[in-house]
Every structure is written in structure tokens, then in C-alpha cells.
Amino acid sequence: MRCSADVSDSDEPGGLRRVLGPLDATAVVIGAIVGVGIFFTPGRVAALAGDLALWTWALGGLVALLGALTFAEIGGMYPRTGAQYAALRDAYGPAVGFVYVVCNATAIQAGAIAIIALVAVQNAATALTGAELSAAVAVPAALALIALVAAANIRDVRAGAQIQNLTTAAKLIALVAVALVGVAFTGAPPPAEPVVTASPVVALATGMVPVLFAFGGWQQALWIGGEIRDPIRNVPRAILGGVTVVVLVYLGTNWAYLHLLGVPGVARSHALAADAVAVVFPGLAARTVAGAVAVSALGVLNAQILTGPRLIFALAHDRRFFPIFGRVHASLGTPVPAILLLAATAVLLLLAAGADGIDRLLTGVVLVDGVFFTLTALASLVLLRRHPRASRPIRTPGFPLVPLLFALAELGVVVGAWMQPAVRSAALLSVAWIAAAFVLYLLRFRDR
């Protein structure tokens, strides 16, 4: 087992530098979780869960905290770059670790970067001009934004962290402001109308699928452990603290949505945050909320480009991928080839598939992402069984019940996602993607 608790503030082997503090790591966790979904997903949850919508978000928050505890323990066991890859590799073998990194870097993250860049430029245009961009303008603008964010992260990991800190602060302020608008609203709430007639168990179960997807992202702190000072303490604290903040903010924001619009209004809304704010401030709502969405999208985009290349770097540094991607620039201290690979893949996907094609790809990989969440949760149990004397500087309260409950919840998400026809049909493409990654491993990297 290649994990160790003997890590100081010395630089990570391979050339990465430990320059990020606990606030930087926490901003990565919050910024990776809080994307644009919180501005739209609650409508889907309300349509599925009806009057139990807020309870569904509370239950999702509890599951997220279980996941935070589980991943915090892994972060303590692997205080290095690409900790999630290392845990999957050691628990299930190098093939699983390889497939995870390749699928994550291509289908999941590169596709997300492409779509998020489009969301960012479209909403920035709406905020500044009140009009949407045409596709002929939006795509080049999105490509330019990807290039700019990648360049900032190539220049210095601290530059990427500063963008993350600023955008995280801005999006938290925006969401707290929405919650405060709900608090300040003194008018009568909309009349209650039943939205679903399903049993409470069915309502909660179906609503949990989009809720748990909205809570995903805290694992990205594990990917940059090699650049965080005192990672044994700071990575677990960042995961636990960041997830706790997000749970509280999400509950407050969803309470405001429901208080201002009622369950039927939330379920019907196509511009949820704008509609909610418009109840109190009708003149400012649309453009102000578009600005908040643009900043939030920029934060998620930066988080992907900041953290994702570290997984590629870890795989290549482990001699399981092309060696060039395990290199760090001598003066900049950043994994330049890995950053360029992820950014270039996002650009190629956007140019080749367009927004609709990437969206179909991401519809399928959400199911695959849930599978790897489940495998990662169970990895700590596998590792403990195989290496009972291994160092565990962070011990999860309630272990092994906590990772088991989290794995069960994520498995439920996988099943729930599979029940949706759009996900099931798109998942075939994801299965082909996984198969291609496995074939690449067998042909090129199996004997390394």
C-alpha cells in the first residue's frame, strides 16, 4: 500500500510545490460543488419531491456529510497529488485507477469545462447587455475563456487559487443574498398546491438523484493534496468544512426559493433564482442573477482546470500514462502538459460535438461518476482489510458504517439515474468510452 502519513511541508515528489493553504483548499471544495446547478436544479427537485423538496435537500446534505467524512479519511491516508486515483489503484488494481482518470479527464471534466464555459459567457453577456449571444459568437468566446483560465493556471497554482477564492466568495455572497431576500419578504407566500401524489418514500428517492449530483465535487480537494501545506490536516478539514458550508447555504437558498415562489412556482420555473428575486426586486432580477450565474460558472470552470490536471499528472508520474504528462515546469511549478491536455480536450469536444453533443455525453457519464463515487467510498474498507496496520491519521466516526451508508446512497443514485430513459440511452456512449480506456490500458500501459 503506497500511502503514508509522513508528509511535511516539503515539496511534492515530481516538482509540485506545497503553496496552498487551508482556505485555498476549502475554496476549491466549495467552488467545485457550487456550480450553476443550484440556480436551476431545485426546480427539478420540487417537481419530483413536491412538498418534501426541502426535506430532500436536507437528506442530500446528510449524505454529502457522510461522503465528506469518507473522503476526509482517504485524504488523510493519501496526502499526495491524485489521492482518489491512488486509493482506487491500491484497492482494485491499476486498471481501475487508469480507467477512472482517463474517463474523468476526457468525458467528465473536459465535457463539463466546455459546457460551463458556454454557460459563463452566455450569462455574462446577459448580465452586461441584457441579450443572449448567438452560437457563432458564444462558441469562440467560450474557447477564449477556456484558454484564459488555462493560462492563469499554467502561470502559477496560486493564480488559479486566487481566481477560485474570489469566485467562491462571490457565489456564496450571491446565494446568501437570495436567502436574505426570502427572509426579508413579508408578503403572503403563494397558496400551497400539491405537486406530487406519489408516496413520500418514492418522492424522496426520486428527488435525491438530482440533489446528490448538485452536492458532488468535494473529491477534487484530494486531487491537489500535493500542493497543499500540511495536507494530512488541511485536506480533511477543507472537505469537511467546505461541505458543511455548502449544505447550510443550499438549505437556506432552497428555503428562500420555496418561501418566495411556493412548491408549484419552483417546479414550473425555468429561471428559478431570477423568478425568486423578482418577487421582491422585479427590476434587477434577471440581469443580476445572470451575473451571479456567470461568476459561479467561472468558478467551476477554474476548479476543473485547477484540479483535473493533477489526476493526469499523478497517473503519468505513476508511469501508467505517457511520461510527458507527469512533468512539472521547472520555473512555474505547474503541470503544464497535463493542463494543456485537459484544456485542449475540452476545446476539441466543443468544436467537434457542439453544446448538444457534449450535453448528451455528460448525461450518460453522470451514471459512471456515481459508480466511481461508490467504488471510492468502499476503497477505504478494502484498504483497511488488506492493510490493517496502515497509517490512518484521520479516523471516520462510525467507521465502517459511514462509508457503507454513503456507498449505498451513491448506488441508489446510480440506480435512480439508470431508471431515467435519457440517462440510460446516453450511458451506452459512456460504456463505450470506458471500454476504449480499458483497451488503451491493456495495449499500452498494462506492463508498466
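Residues numbered from 1 in each chain as written. Predicted model: local features only at pLDDT ≥ 70, side-chain atom pairs only at ≥ 80, totals over all residues. Heavy atoms only, no water.

Peer 1: I keep staring at the overall build of the protein and nothing clicks. Help me out?
Peer 2: Across its full length, the protein carries 15 helices and 0 strands. Its C-alpha radius of gyration of 21 Å places the protein within 12% of the 22 Å reference for a compact globule of 448 residues. In the protein, which comprises 448 residues, the proportion classed as buried is 56%. Sequence separation of at least 24 residues holds for 83% of the intrachain contacts in the protein that already meet a minimum separation of 6. (Helix = DSSP H or I, 4+ residues; strand = E, 2+ residues; numbered from the N terminus. Rg over C-alpha atoms; globule rule 2.2 N^0.38 Å. Buried < 20%, exposed > 50% of the residue type's maximum accessible area, 1.4 Å probe, protein only. Contact = heavy atoms within 4.5 Å.)

Peer 1: How should the packing of helix 2 (residues 41–49) against helix 10 (residues 231–268) be read in this particular structure?
Peer 2: Direction vectors running N to C along helix 2 and helix 10 enclose 55 degrees, while the axes themselves pass 10 Å from each other. Classified by the angle their axes make, helix 2 and helix 10 are oblique. The handedness of the crossing between helix 2 and helix 10 is right-handed. On helix 10, the residues touching P42, G43, A46 and A47 of helix 2 are N254, Y257, V263, V266 and A267. (Axes fitted to C-alpha atoms, helices over the stretch in contact; angles between N-to-C directions. Parallel < 35°, antiparallel > 145°, perpendicular 65-115°, else oblique. Left-handed = near helix turned anticlockwise from the far one by under 90°.)

Peer 1: What is the right way to look at helix 1 (residues 22–33) in this model?
Peer 2: Given 3.6 residues per turn, any residue in an α-helix points the same way as the ones three and four places further on. With 12 residues, helix 1 should cover 16 Å at 1.5 Å per step; its first-to-last C-alpha distance of 17 Å lies within 8% of that length. In terms of residue burial, helix 1 counts as a mostly covered element, since 10 of its 12 residues are buried. Buried-residue contacts for helix 1 involve helix 7 (157–184), helix 8 (200–215), helix 9 (220–223), helix 10 and helix 12 (285–317). (Expected span 1.5 Å × (residues − 1).)

Peer 1: I'm lost on the side chain of N153 in this one. Help?
Peer 2: In this structure, N153 sits in helix 6 (residues 135–155). Among the polar contacts listed, one links the side chain of N153 to the backbone oxygen of V149, at a separation of 2.9 Å. What N153 contacts, discounting residues up to four positions off in sequence, is G160, N302, I305, L306, T334 and I339. (Polar contact = N/O pair within 3.5 Å; in protein donor to acceptor, adjacent residues only side chain to side chain.)

Peer 1: Where do I start with unusual backbone geometry in this structure?
Peer 2: In most cases, non-glycine residues show a negative phi, while peptide bonds are predominantly trans. For D230, which is not glycine, the phi torsion reads 45 degrees and is therefore positive. Phi angles above zero are rare outside glycine, and R319 is one such case at about 65 degrees. In this structure, R319 sits in the loop between helix 12 and helix 13 (336–386).

Peer 1: What is the right way to read a nonpolar patch on the surface from this model?
Peer 2: Judged by side-chain polarity, L408, L411, V415, W418 and M419 come together as a nonpolar surface patch covering roughly 520 Å² of accessible area. Mapped onto the elements, M419 comes out in the loop between helix 14 (401–418) and helix 15 (421–445). Judged by relative accessible area, which is 58%, M419 ranks as exposed. (Patch = residues over 30% accessible without salt bridge, like charges linked within 9 Å, V, L, I, M, F, W, Y side chains within 5 Å. Areas by Shrake-Rupley, 256 points an atom, 1.4 Å probe, with all protein chains shown as cover. Salt bridge = Lys/Arg side-chain N within 4 Å of Asp/Glu carboxyl O.)

Peer 1: I tried to follow helix 8 on my own but got confused; where do I start?
Peer 2: Taking 1.5 Å per residue as the helical rise, helix 8 with its 16 residues ought to reach 22 Å, and the 22 Å between its terminal C-alpha atoms agrees with that figure. Of all bends in helix 8, the biggest is about 35 degrees, found at M208, and the proline P210 comes one to four residues later. For helix 8, the set of buried residues is A203, G207, M208, V209, P210, V211, L212, A214 and F215. Along its buried surface, helix 8 packs onto helix 1, helix 2, helix 3 (53–77), helix 10 and helix 14. G217, located one to two residues past helix 8, shows a positive phi value of around 135 degrees. (Bend = angle between axes of the 7 residues up to and from the residue.)

Peer 1: I'm lost on the packing of aromatic side chains in this one. Help?
Peer 2: In this description, a pair of aromatic rings is defined by centroid distance and the angle of the planes. Under the criterion given, the structure shown has 17 aromatic pairs. Site record: aromatic cluster; members linked through ring pairs are F98, F321, F322, F325, Y441 and F445. (Phe/Tyr/Trp six-rings, centres within 6.5 Å; stacked < 30°, edge-to-face > 60°.)

Peer 1: So what exactly am I meant to see when it comes to the nonpolar core here?
Peer 2: When a protein is soluble and globular, its nonpolar side chains tend to lie buried together. By size, the foremost hydrophobic cluster in this structure holds 132 residues, and its most contacted members are F39, F215, W218, I239 and Y250. No other element matches the 18 residues that helix 5 (residues 94–129) contributes to this core. Residues within four places of F215 in sequence aside, it is in contact with I33, W57, G60, G61, A64, V246, V247 and Y250. (Core = buried A, V, L, I, M, F, W, Y, C linked by side-chain atoms within 4.5 Å.)

Peer 1: Please clarify how the confidence of the model for the protein should be interpreted in this entry.
Peer 2: Detailed reading of the predicted model is not advised wherever pLDDT is low. Here the protein averages 87 in pLDDT, and 93% of its residues register 70 or above. Taken together, the stretch residues 2–8 has pLDDT below 50 and engages in 18 contacts with residues farther than four places along the chain or on a different chain. (pLDDT = per-residue confidence, 0-100.)

Peer 1: Just checking my understanding: could you explain the environment of V201 for this structure?
Peer 2: Note on placement: V201 falls in helix 8. Residue classification places V201 among the exposed positions, given a relative accessible area of 64%. For the pair formed by V201 and A49, sequence separation is 152 residues and the distance between their alpha carbons is 9.4 Å.

Peer 1: I keep staring at the packing of helix 1 against helix 10 and nothing clicks. Help me out?
Peer 2: The relative placement of two packed helices is expressed as an angle between their axes plus a distance between the axes. Two numbers describe how helix 1 lies on helix 10: the axes approach to 8 Å, and their chain directions differ by 45 degrees. Between helix 1 and helix 10, the interaxial angle falls into the category oblique. Crossing angle aside, the handedness with which helix 1 passes helix 10 is right-handed. Of helix 10, the residues touching helix 1 (which contributes P22, A25, T26, V29, I30 and I33) are N234, A238, I239, G242, V243, V245, V246 and Y250. Considering only residue class, the contact of helix 1 with helix 10 consists of 11 nonpolar, 3 polar and no charged. (Nonpolar A, V, L, I, M, F, W, Y, C, P; charged D, E, K, R; others polar.)

Peer 1: It is not clear to me how the pattern of salt bridges should be interpreted in this structure. Could you clarify?
Peer 2: Pairing is possible between side chains of opposite charge, provided their charged atoms come close. On inspection of all chains with the given rule, the structure shows 5 salt bridges. For the salt bridge of R158 with D156, the shortest nitrogen-to-oxygen distance reads 3.3 Å. The exposure class of D156 is buried, given its relative accessible area of 16%. Notably, a salt bridge pairs E227 with R310, separated by 2.8 Å at the nearest N-O pair. Of this pair, E227 sits in the loop between helix 9 and helix 10 while R310 is found in helix 12, placing the two residues 83 residues apart along the sequence. By relative accessible area, E227 is classed as buried at 0%.

Peer 1: Would you mind showing me how to read the side chain of Q109 here?
Peer 2: Tracing the chain through its elements places Q109 in helix 5. Accessibility expressed as a relative area gives 2% for Q109, which makes it buried. At 2.5 Å, the side chain of Q109 forms a polar contact with the side chain of Q304.

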